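Here are the chains, one letter per residue:
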Amino acid sequence: MVEVAFFAGAIGAIGGAIAVVALRNPFYSVLALVVHLVFLAGIFLLLRAQFIAAAQIVVYAGAVMVIYVFVAAYVGGIEEPLFDSAPQLRVFGPVLAAALFIEISIAVLGSALIGLGGEGVADVPAGFGTPEAVGRLMLEDFLIAFEAASMLLLVAAVAAIVLAGRKKETGGAG
Amino acid sequence: MNAAFWGWLVLLFPLLGSVVIGLTFRVLPARAAGMIGVGAIVAAFACGIAATISLQGEPAESRHVADSLWQYASVGGFQIDLGIYVDPLSAFMVLVVTGVSSLIHIYSFSYMQSDQGYHRFFSYLNFFVFSMLLLVLAGNFVLLIVGWAFVGFASYALISYWYRRETATRAGMKAFVINVIGDIGLYIAAILIFRDLGVIDYGAVFEKAPEVFQTNEWSIVAICLCLLVGAFAKSAQMPFHTWLADAMEGPTPVSALIHAATMVTAGVYLVARAHPLFELAPAAADLTAIVGLVTLLIAGTIAIAVTDLKRIIAYSTMSQIGYMFVAVGIGAYSAGMFHLMTHAFFKALLFMAAGSIIAAMANNQNIDRMKGFGKAMPFTAAMLIIGALALSGFPGTSGWFSKDEILDFAAFRGGWYEIFVVGGFIGAFLTAIYSFRIVFRILPGPPCEETAHLIETGHVVHGEPVNPATGGREDTEVGFPGEEHHIAEQAPGMKIGMAVLGFLALVGGLLQIPGVDDVVTSFLEPTFEDSPLAATHPSVSSAWLGLAEGAVISIAGIALAWWLYVKRPTAPATIRRRFRLLYTLFVNKWYGDQIVDFLVVRPVKGVGSFADRIFEPFLINGLTGGTIATVRSAGGAVRELQSGMLRGYAFLMLSGIVAVALYFLIRSI
Amino acid sequence: MAIEWYLVLSALLFSIGLAGVLIRRNPVVILLCLELMLSGGGLALLSFSRLHGDGDGQVFVLMVLVVAAAEVVVGLGLVVAMFRRRIPLDVDEMKELQG
């Protein structure tokens, strides 16, 4: 049962990912990423990360992707020209990426990490991955990181306003 | 609150004053800046008194405090603390420095009033006082060097204070370069001390030195000679004396403070401070005294010949510092410090009076032109006479007691030290002549143009702004007194400064009357008690005998000056004609500048032009040119990679990651 | 279900995102591909978190989420600014760094 769910989720996520890269219209790429994120959230559930999965769907696939959609719609569905100024990258890029994938796979499968054999995986404590557990961790052990992250978001928001805001002086360009 | 606490405060106030004035020069009105400057120094003086009082509260044998704020560096057993050392000697110097500085600051508050760089002046001046106090209070040789270099910089900045005047900037550079030569001597001395003793803190050095060194062993003599290079350069002794006369390009309060009362005496302080080392190297100590003697004689003869008012006083300063070096060289430490103190009083007073006169002369400094000041500026004239009396050692004044105490000590040591007595009395005779040459030239007589103007209108002449050294017209746009000084001697600040110093110059000697009291000696005793020479004193009767001889010589000198410059005004010209050779030698300052030029400047220039013509084009340019060509071709080779394409960079980065991962995978097999 | 599968899946997602960064030229799509790489990394974190039964990894994924959001905000702000200034939306056109 778990296997079925995993492979279903994995196929969906991989398909979504490939679609993001392959589709020519950025708007469709965004939608493909949403699909990918939803399937990935399913896999998160299999890993007993309920809260992360929910956050993934709500925050990521919900909120962040909406910004993408807006921007993609705003700048228009500009399709990439077929002419490529660096055609060799089209070939060597994926090749190197594949090489990296193979290397990581060899590393993962070749290193005999304890419990990687599947059945020996320690059972998680009750309540693992629930909002309560994550919240407790975040507000007790990782409070400073949490505050730093909130600061980062604030700064990013200000930066976005500065970057994208209309300049009065250069009104002609804006 | 112990003495060290007050010592830190002494350092803090001038530094704070300098920084505050330096940073707020745009917003602060000039008067406020001046008040901050004066206030900071007066506060430092108060803290110096507090430090002295708390030091006196200790028993004599533990009357020294070393305190460290933090550790500056600690490398393999080499440890430098940011530490101060307060003992009677440094407390004495702190009192002299801050006390005289306070008065000179008050004087400058009025004197510099019309100057456009008022803030800059007070910021520099406070910085100088801070540096000088750091030099005095430093607890180890490294911090001493820091203070030593700081005062060198402050002196440079203040000599070149009127930076539009080319002669001033040149003089500043000259002073700085010669001072840096001295600094290098100090560095080498500190390195040698550390090499031989492994410590640099005063206390530890002086404790270990007698165990490590034999008397007159070459290494201790070398250390002392290097220290002397620093001391002589800072104190303008032969052969490093040429900068001091040129340093008179700075504003007169600067001449009074730095180039008369405080900084130039730093060399004397250094020798007194390092007296345990010099006592292990009697050869170096004797050299100190001999150089002092030579300088005091040569400077005295020059002072008789030159006609620039400030330069006369400058050569007189060199001469008086020569006395101090004689004192610390022969072991009369407290007498040397006593003379340092009285000299600070009367020499600062003379400079202040000279500043007042020069302001009234519209910056003309030639004493041949000055006449009739006795009527035009009676207060200044009185101060000038007091200063000259003290300088020439007239009976009862401070200079009489302090100068003759040195010579008594030399006589007391006997043997070949008698030459210091003879030389010292000849120098005293010269001193009396040249100091009263100033008085008799300037004060009596029919008023000259400027003094007449002053007497009639009560205001000083506003002449064309000219360079007193070259006579060329000057650009007064920036960094100059806007209009000429309006104040002459009317300003209260100048009067206060001069009056207090005049009083001190008159009565300062009463601190140390043979057979009656010995305030300075007993105050300094804890510092010098380890010296075998300090315990010995000439007897009271011989001291009074010496004083009597000094009085006779001083009065004789004054009488001769009176005869030469008042009774027979034509006599100087006759003498000048008859001894033309000697006169030329004196008026050209014994060709000191030319000798230095021939021995040092020319060879260095030769090396420089060799480097410029041969070394640089072929060797350096060949090397650098080759390097450049190599780098350029290598750059050309990898330039293609800098395509500016983001994806290209990402690709390169990925290649690297893949390669590194591959390396680790292969290694793990 | 063996943990290796999850890790291999995360590596695959990461590599796909990487390939996308290399071959696509539209900055919006490049940002999307970066999201793919981040989610691959997040998946690996969750896998190890599950393996060790330790919740720290999950908190870390949340942090990654925050950082990704910040990056998106700034990145898209840049895209909008470029669009406003009529700069072509093609990373190959921006080559002022050329040596």
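See above for the structure.
Residues numbered from 1 in each chain as written. Chains lettered and ligands numbered in written order. Predicted model: local features only at pLDDT ≥ 70, side-chain atom pairs only at ≥ 80, totals over all residues. Heavy atoms only, no water.

A. Structural context of the overall build of chain B. Counting its secondary structure elements, chain B contains 27 helices and 2 strands. The buried share of chain B, taken over its 669 residues, is 55%. (Helix = DSSP H or I, 4+ residues; strand = E, 2+ residues; numbered from the N terminus. Buried < 20%, exposed > 50% of the residue type's maximum accessible area, 1.4 Å probe, protein only.)

B. Examining the overall build of chain C more closely. Tallying secondary structure elements over chain C gives 3 helices and 0 strands in all. Reading the helices (α) and strands (β) of chain C from amino to carboxyl end gives α-α-α. For chain C, with 99 residues in total, the buried portion stands at 68%. On chain C, roughly 3,400 Å² of surface is accessible, and the fraction owed to carbon and sulfur atoms is 68%. (Areas by Shrake-Rupley, 256 points an atom, 1.4 Å probe, with all protein chains shown as cover.)

C. Here's a closer look at the packing of aromatic side chains. All names here are of chain B. The final tally for this structure, using the stated rule, is 27 aromatic pairs over all chains. Judged by centre distance (6.0 Å) and plane angle (80°), the ring pair of tyrosine 85 and tyrosine 202 falls under edge-to-face. On the criterion of sequence distance, the pair formed by tyrosine 85 in strand S2 (residues 78–86) and tyrosine 202 in helix H7 (residues 202–212) is long-range, its members being 117 residues apart. Ring plane angle 65° and centroid distance 6.3 Å describe the contact between tryptophan 400 and tryptophan 544, whose orientation is recorded as edge-to-face. Of this pair, tryptophan 400 sits in helix H18 (residues 398–413) while tryptophan 544 sits in helix H23 (residues 540–567), and the two are 144 residues apart along the sequence. Within the aromatic cluster, the residues linked to one another by ring pairs are Phe127, Phe130, Phe150, Phe153, Tyr156 and Phe176. Of note, lysine 495 hangs over the ring of phenylalanine 379, and the distance from its end group to the ring centre comes to 5.5 Å. (Phe/Tyr/Trp six-rings, centres within 6.5 Å; stacked < 30°, edge-to-face > 60°. Lys NZ or Arg CZ within 6 Å of the ring centre and 35° of its normal.)

D. Main features of the nonpolar core. Residues Phe128, Phe141, Leu227, Leu277, Leu309 and Phe373 of chain B are the most contacted members of the largest nonpolar core, which totals 185 residues. The element best represented in this core is helix H15 (residues 333–360) of chain B, accounting for 19 residues. Beyond its immediate sequence surroundings of up to four residues, phenylalanine 141 of chain B is in contact with Ala190, Ile193, Ile200, Tyr202, Val205, Phe206, Leu227 and Leu277 of chain B. With 78 residues, the next largest nonpolar core counts Leu47, Ile52 and Val108 of chain A together with Ile16 of chain C among its residues. (Core = buried A, V, L, I, M, F, W, Y, C linked by side-chain atoms within 4.5 Å. Contact = heavy atoms within 4.5 Å.)

E. Structural view of the interface of chain A and chain C. Every contact between the two is made by 87 residues of chain A and, on the other side, 68 residues of chain C. There are 0 salt bridges connecting chain A and chain C. Between chain A and chain C we count 8 residue pairs in polar contact (both at pLDDT 80 or more) in total. Those elements that provide at least two residues to the side of chain A that touches chain C are helix H1 (2–22), helix H2 (26–46), helix H3 (50–75), helix H4 (87–110), helix H5 (131–141) and helix H6 (143–164) of chain A. It is H1 of chain A that contributes the most residues to the side of chain A that touches chain C, 12 residues altogether. Looking at side-chain class alone, the side of chain A that touches chain C contains 66 nonpolar, 11 polar and 10 charged residues. (Salt bridge = Lys/Arg side-chain N within 4 Å of Asp/Glu carboxyl O. Polar contact = N/O pair within 3.5 Å; in protein donor to acceptor, adjacent residues only side chain to side chain. Nonpolar A, V, L, I, M, F, W, Y, C, P; charged D, E, K, R; others polar.)

F. Looking closely at H18 of chain B. All names here are of chain B. Helix length check: H18 (16 residues) gives 24 Å between terminal C-alpha atoms against 22 Å at 1.5 Å per residue, within 8%. The element H18 is largely enclosed, with a buried count of 12 among its 16 residues. Looking at H18, one finds that the buried residues are Ser398, Gly399, Trp400, Phe401, Ser402, Lys403, Asp404, Ile406, Leu407, Asp408, Phe409 and Ala410. Looking at the buried positions of H18, the neighbouring elements they touch are helix H14 (309–330), H15, helix H17 (378–391), helix H19 (418–442), helix H21 (492–507) and H23. (Expected span 1.5 Å × (residues − 1).)

G. Highlighting the interface of chain A and chain B. Facing the 13 residues of chain A at the interface are 11 residues of chain B. Summed over both sides, the interface of chain A with chain B buries roughly 940 Å², with 80% coming from carbon and sulfur. The largest contributions to the chain A side of the interface with chain B come from Leu89, Leu96 and Glu103 of chain A, which together make up 58% of the buried area. In this assembly, chain A and chain B are joined by 0 salt bridges. (Buried area = accessible area lost by both parts, 1.4 Å probe.)

H. Quick peek at H19 of chain B. A rise of 1.5 Å per residue sets the reference length of H19 of chain B, with its 25 residues, at 36 Å; its end C-alpha atoms lie 36 Å apart and thus fit the reference within 8%. By the criterion of burial, H19 of chain B is predominantly enclosed, with 20 of the 25 residues buried.

I. Spatial organisation of the pattern of salt bridges. Scanning the model with the defined rule gives 7 salt bridges over all chains in all. Its salt-bridge partner being glutamate 132 of chain A, residue arginine 136 of chain A comes within 3.6 Å of it at the nearest N-O pair. Of this pair, arginine 136 of chain A and glutamate 132 of chain A are both found in helix H5, 4 residues apart, which corresponds to roughly one turn of the helix. Classification of glutamate 132 of chain A as exposed rests on a relative accessible area of 55%. Where arginine 273 of chain B meets aspartate 87 of chain B, a salt bridge forms, and the shortest distance between an N and an O atom there is 2.9 Å. Taken as a pair, arginine 273 of chain B in helix H11 (residues 266–273) and aspartate 87 of chain B in the loop between S2 and helix H3 (88–111) lie far apart in primary sequence, 186 residues in all.

J. Spotlight on the pairing of S2 of chain B. All names here are of chain B. Taking burial as the measure, the 9 residues of S2 include 7 buried ones, the bulk of the element. Bridging between strand S1 (residues 65–75) and S2 involves 8 bridges; their strand directions are antiparallel. Residue valine 75 lies in a different strand from S2, and its bridge partner there is phenylalanine 78. (Pairing = 2+ DSSP bridges.)

K. Representation of the side chain of threonine 380 of chain B within the structure. Note that threonine 380 of chain B resides in helix H17. In terms of polar contacts, threonine 380 of chain B uses its side chain to reach the side chain of serine 356 of chain B, at 3.1 Å.

L. View of the packing of H14 of chain B against H15 of chain B. Residue and element names in this part refer to chain B. Where H14 meets H15, the axes come as close as 9 Å, and the angle between the chain directions of the two elements is 175°. Here H14 is positioned roughly antiparallel relative to H15, judged by the angle of their axes. Residues Leu309, Lys310, Ile313, Ala314, Ser316, Thr317, Gln320, Tyr323, Met324, Ala327 and Val328 of H14 form the contact with H15, whose own contacting residues are Tyr333, Gly336, His339, Leu340, His343, Phe346, Lys347, Leu350, Phe351, Ala354, Ile357 and Ile358. Residues belonging to the contact of H14 with H15 are distributed by class as follows: 15 nonpolar, 6 polar and 2 charged. (Axes fitted to C-alpha atoms, helices over the stretch in contact; angles between N-to-C directions. Parallel < 35°, antiparallel > 145°, perpendicular 65-115°, else oblique.)

M. Layout of the side chain of lysine 403 of chain B. Residue and element names in this part refer to chain B. Structurally, the position occupied by lysine 403 is in helix H18. It turns out lysine 403 is buried and unbridged, and the closest side chain with the opposite charge, aspartate 404, is 6.7 Å from it. When neighbours within four sequence positions are excluded, lysine 403 is seen to be in contact with Gln320, Tyr323, His339, Leu391, Ser392, Gly393, Ala428 and Thr431. (Lys, Arg positive; Asp, Glu negative; His and termini not counted.)

N. Representation of a negative patch on the surface within the structure. All names here are of chain B. Taken together, the side chains of Glu61, Asp518, Glu525, Glu529 and Asp530 present a region of like negative charge at the surface. By secondary structure assignment, the location of glutamate 525 is in helix H22 (residues 519–528). On the accessibility criterion, glutamate 525 (47% relative accessible area) is partly exposed. (Patch = residues over 30% accessible without salt bridge, like charges linked within 9 Å, V, L, I, M, F, W, Y side chains within 5 Å. Charge placed at Lys NZ, Arg CZ, Asp CG, Glu CD.)

O. Broad picture of unusual backbone geometry. Although it is not a glycine, alanine 236 of chain B sits at a positive phi angle of roughly 55°. With respect to the helices, strands and loops of the structure, alanine 236 of chain B is situated in the loop between helix H8 (218–234) and helix H9 (242–246). The buried category is assigned to alanine 236 of chain B, whose relative accessible area is 0%. We note that arginine 86 of chain C has phi near 60°; this positive angle belongs to a residue other than glycine. Among the structural elements, arginine 86 of chain C can be located in the segment after helix H3 (56–84). For arginine 86 of chain C, a relative accessible area of 67% corresponds to the exposed category.

P. Molecular detail of the state of the cysteines. All names here are of chain B. The full count for this structure, using the stated rule, is 0 disulfides over all chains. Free of any disulfide, cysteine 224 has its nearest cysteine sulfur in cysteine 226, 9.3 Å distant. The class of cysteine 224 is buried, set by a relative accessible area of 0%. (Disulfide = S-S within 2.5 Å.)

Q. Structural view of the packing of H6 of chain A against H3 of chain C. At a minimum axis separation of 8 Å, H6 of chain A and H3 of chain C run at an interaxial angle of 5°. Viewed along their axes, H6 of chain A and H3 of chain C adopt a mutual orientation that is roughly parallel. When H6 of chain A is examined against H3 of chain C, the residues Ala145, Phe146, Ala149, Leu152, Leu153, Ala156, Ala157, Ala159, Ala160, Leu163 and Ala164 of chain A are found in contact with a partner set consisting of Met63, Val66, Val67, Ala69, Ala70, Val73, Val74, Gly77, Leu78, Val80, Ala81 and Arg84 of chain C. Across the contact of H6 of chain A with H3 of chain C, the residue classes tally to 21 nonpolar, 1 polar and 1 charged.

R. Structural view of a nonpolar patch on the surface. Among the surface-exposed residues, Tyr591, Ile595, Phe598, Leu599, Val600, Val601 and Val604 of chain B lie close enough to one another that they form a single nonpolar patch of about 650 Å² accessible area. Its relative accessible area of 55% is what places phenylalanine 598 of chain B among the exposed residues.

S. Spatial organisation of the environment of proline 29 of chain B. Residues and elements named next belong to chain B. By the element assignment, proline 29 lies in the loop between helix H1 (3–23) and helix H2 (30–56). Judged by its relative accessible area of 51%, proline 29 falls in the exposed class. For the pair proline 29 and tyrosine 118, spaced 89 residues apart in the sequence, the C-alpha separation amounts to 9.7 Å.

That's the geometry; what it means functionally is another story.
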